[in-house]
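Here are the chains, one letter per residue:
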Amino acid sequence: MALIVQKFGGTSVKDRNRIFNVARIVMNTRNAGNDVVVVVSAQGDTTDDLIAKAAEITSDPSHREMDMLLATGEQISIALLTMALQELGVSAISLTGWQAGFNTDRAYSKARIKRLDTERVESELARNRVVVVAGFQGLNRSDDITTLGRGGSDTSAVALAAALHADRCQIFTDVEGVYTADPRKIPKATKLKEITFDEMLELASLGAQVLNNRSVELAKKYNVELEVISSINPVPGTIVKEETNVEGMLIKGVAKDNDVAVISIKNVPDVPGMSFKVFSLLAQKNINVDIILQSSGSEGKKDLSFTVPLGDAEAAVSALNSAASRFGGGEISVDKNSAKVSIVGAGMQSHSGVASTMFEALFSQNINIKMISTSEIKISVIIDKQDADKAVAAIHDAFIN
Ligand code: ADP
Ligand code: ASP
Ligand code: MG
């Protein structure tokens, strides 16, 4: 008997029919002789709707209360799916994140899983029940509810698969797998049969929301092979694993991320310790910095630009403003009209001309590049937000079609 973890996203459980569709997938897996642990997200747009409700009350909600609110979405899904399973005659029980043993750090809205105590899940499995766990949520050391960040149910599923040594971890979603670009935006995008953890981690981190990046990080760490498949069409999906056999594909995907703000500090003193002072300040505030660009100094001054998530831009600017005297001043500005477009593929390590092909595609559309960042398996550019979709299409055409 195998143990299978199956995760279903919001669209897959959005209404009664979809819930029964999921219940039948789970029932069939169970009837095939497997133990099943199910992880579900909030129904449809529930999480966005809850965020909008909070915004009706305040523009600056307490992070603790925000997590208290958002965690309710998943609780609805687990109860409804469990009722549907019971309706189909399947023995099942729902568990919240904390009942399922998810202990996290304190970082509300982006908590990390610290420990997963699986006793309860295991004892329910031992009683021959399907266990339906709420994704996205946990409990911190003060017994307060935390959430794992948008798309965090993927991470809950991978964590359970790792802790329970599951034989398979299936991520069911509303597309048929991982594509060379978002198939809803680029109709010519093709489905990948396989992709490596490293490539998927880059794609997810660079904006391909089909998998949450932390879930891929965790899958790589514990070597949990993932299968991304459709909950609607029963066709083969995409396998995410350590190594793949697919040769000759230079670029695995093109991703776009609108969640970018570019912060610039002009005319900071060109002295040792400057970058340390600026970035340690942001680290203290738990703000992730991505691309960093520093001009070569002239006349004892230099310019520093870097990107942060859009939602952290105001906090970053106010932290920098209030500590400006510590790093000797400078003119701080923020640009919220940018997007990051990236290509990812392990194949580019051994090929020249990849960057120039990407830049040519952008030039062909007359798109200006504001910043560039590269690693062994990806190239990212920061461009104007209004050019981003055009850029993805042009780059995808240049490499894949
Ligand atoms: P779920 O609710 O199942 O977690 P998400 O909305 O989080 O689903 O992720 C699935 C969506 O990811 C798809 O509907 C698709 O529009 C988007 N997406 C973005 N990039 C890609 C890609 N490269 N391959 C597949 N889907 C992608
Ligand atoms: N419901 C949460 C979200 O919308 C978590 C998830 O769907 O994975 O981000
Ligand atoms: Mg998701």
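Reading the values: the criteria
- Residues numbered from 1 in each chain as written.
- Chains lettered and ligands numbered in written order.
- Predicted model: local features only at pLDDT ≥ 70, side-chain atom pairs only at ≥ 80, totals over all residues.
- Heavy atoms only, no water.
- UniProt positions renumbered as here; feature names shortened; annotations may be inferred.
- Helix = DSSP H or I, 4+ residues; strand = E, 2+ residues; numbered from the N terminus.
- Rg over C-alpha atoms; globule rule 2.2 N^0.38 Å.
- Buried < 20%, exposed > 50% of the residue type's maximum accessible area, 1.4 Å probe, protein only.
- Contact = heavy atoms within 4.5 Å.
- Areas by Shrake-Rupley, 256 points an atom, 1.4 Å probe, with all protein chains shown as cover.
- Lys, Arg positive; Asp, Glu negative; His and termini not counted.
- Charge placed at Lys NZ, Arg CZ, Asp CG, Glu CD.
- Phe/Tyr/Trp six-rings, centres within 6.5 Å; stacked < 30°, edge-to-face > 60°.
- Near = heavy atom within 4 Å.
- Polar contact = N/O pair within 3.5 Å; in protein donor to acceptor, adjacent residues only side chain to side chain.
- Nonpolar A, V, L, I, M, F, W, Y, C, P; charged D, E, K, R; others polar.
- Expected span 1.5 Å × (residues − 1).
- Pairing = 2+ DSSP bridges.
- Axes fitted to C-alpha atoms, helices over the stretch in contact; angles between N-to-C directions.

By the naming in an unreviewed UniProt entry, the protein chain is Aspartokinase, taken from Subdoligranulum variabile DSM 15176. Turning to the protein chain, the UniProt annotation filed under Sequence similarities (unreviewed entry) states: "Belongs to the aspartokinase family." UniProt annotates the protein chain under Catalytic activity (unreviewed entry) with the comment "L-aspartate + ATP = 4-phospho-L-aspartate + ADP".

J.: What is the right way to read the overall build of the protein chain from this model?
T.: For the protein chain, the count of helices and strands is 11 helices and 20 strands. Its C-alpha atoms give the protein chain a radius of gyration of 22 Å, within 12% of the compact-globule value 21 Å for 401 residues. Principal-axis analysis of the C-alpha atoms places the extent of the protein chain at approximately 75 × 50 × 35 Å. Going through the 401 residues of the protein chain one by one, you find that 51% of them count as buried. Once local pairs closer than 6 in sequence are excluded, the contacts in the protein chain between residues at least 24 apart make up 74%. Of the roughly 18,500 Å² that the protein chain leaves accessible, carbon and sulfur atoms contribute 47%. Side chains of the protein chain give 42 positive and 49 negative charges; the mean places of these two sets differ by 2 Å.

J.: Whenever I open this one, the packing of aromatic side chains confuses me. Can you help?
T.: The relative placement of two aromatic rings is captured by the distance of their centres and the angle of their planes. Following the criterion strictly, the structure yields two aromatic pairs and no others. Between F8 and F172 the ring centres are 4.6 Å apart and the planes differ by 15 degrees, which places this aromatic pair in the stacked class. Linking F8 in strand β1 (residues 3-8) with F172 in strand β9 (residues 168-173), this pair joins segments that are 164 residues apart in sequence. Its relative accessible area of 6% is what places F172 among the buried residues. Between F279 and F306, the ring centres sit 5.1 Å apart and the planes meet at 75 degrees, which makes this aromatic pair edge-to-face. Here F279 is found in helix α8 (residues 274-284), whereas its partner F306 is found in strand β16 (residues 301-308), with 27 residues between them in sequence. Under the relative-accessibility criterion, F279 is labelled buried at 17%.

J.: Just checking my understanding: could you explain the site of ligand 1 for this structure?
T.: Near ligand 1, the surroundings consist of 17 residues, among which T173, D174, Y179, D182 and R184 are the closest. Side-chain polar atom of T173 to an oxygen atom of ligand 1: 2.7 Å apart, as the coordinates give it. Within the side chain of R184, one N or O atom sits 2.8 Å away from an oxygen atom of ligand 1. When isolated, ligand 1 has an accessible area of 580 Å², and the protein chains bury 88% of it. Classifying every residue of the shell around ligand 1 by side-chain character gives eight nonpolar, five polar and four charged.

J.: I would appreciate a short explanation of the site of ligand 2 in the present structure.
T.: Around ligand 2, the structure places S41, A42, T47, E74, F136, R150, G151, G152 and S153. For ligand 2, an oxygen atom lies 2.9 Å from a polar atom in the backbone of G151. Expressed as a share of its isolated accessible area of 260 Å², the protein-covered part of ligand 2 is 87%.

J.: When you look at helix α3 (residues 63-87) in this model, what are you seeing that I'm missing?
T.: Taking 1.5 Å of rise per residue, 25 residues should cover 36 Å, and α3 covers 37 Å from first to last C-alpha, within 8% of that figure. Here α3 has its buried residues at M66, D67, L70, A71, G73, E74, S77, I78, L81, T82, A84 and L85. For α3, the N-terminal cap is S62; the gap from its side-chain oxygen to the backbone nitrogen of R64 is 3.3 Å. Directly after α3, the chain includes G89, whose backbone phi takes a positive value near 85 degrees.

J.: I keep staring at the sheet that holds strand β3 (residues 92-95) and nothing clicks. Help me out?
T.: What holds strands together in a sheet is hydrogen bonding between their backbones, with the strands either parallel or antiparallel. An order of β3-β6-β2-β1-β9-β11-β12-β10 is seen for the eight strands of this open sheet, with the pairing classed as mixed. The open sheet has two free edges, formed respectively by β3 and β10 (194-196), since each of these has just one partner strand. On average, adjacent strands in this sheet sit at an angle of 20 degrees to one another, irrespective of strand direction. Pairing analysis gives four bridges linking strand β2 (residues 35-40) to strand β6 (residues 130-134), with the strands arranged parallel.

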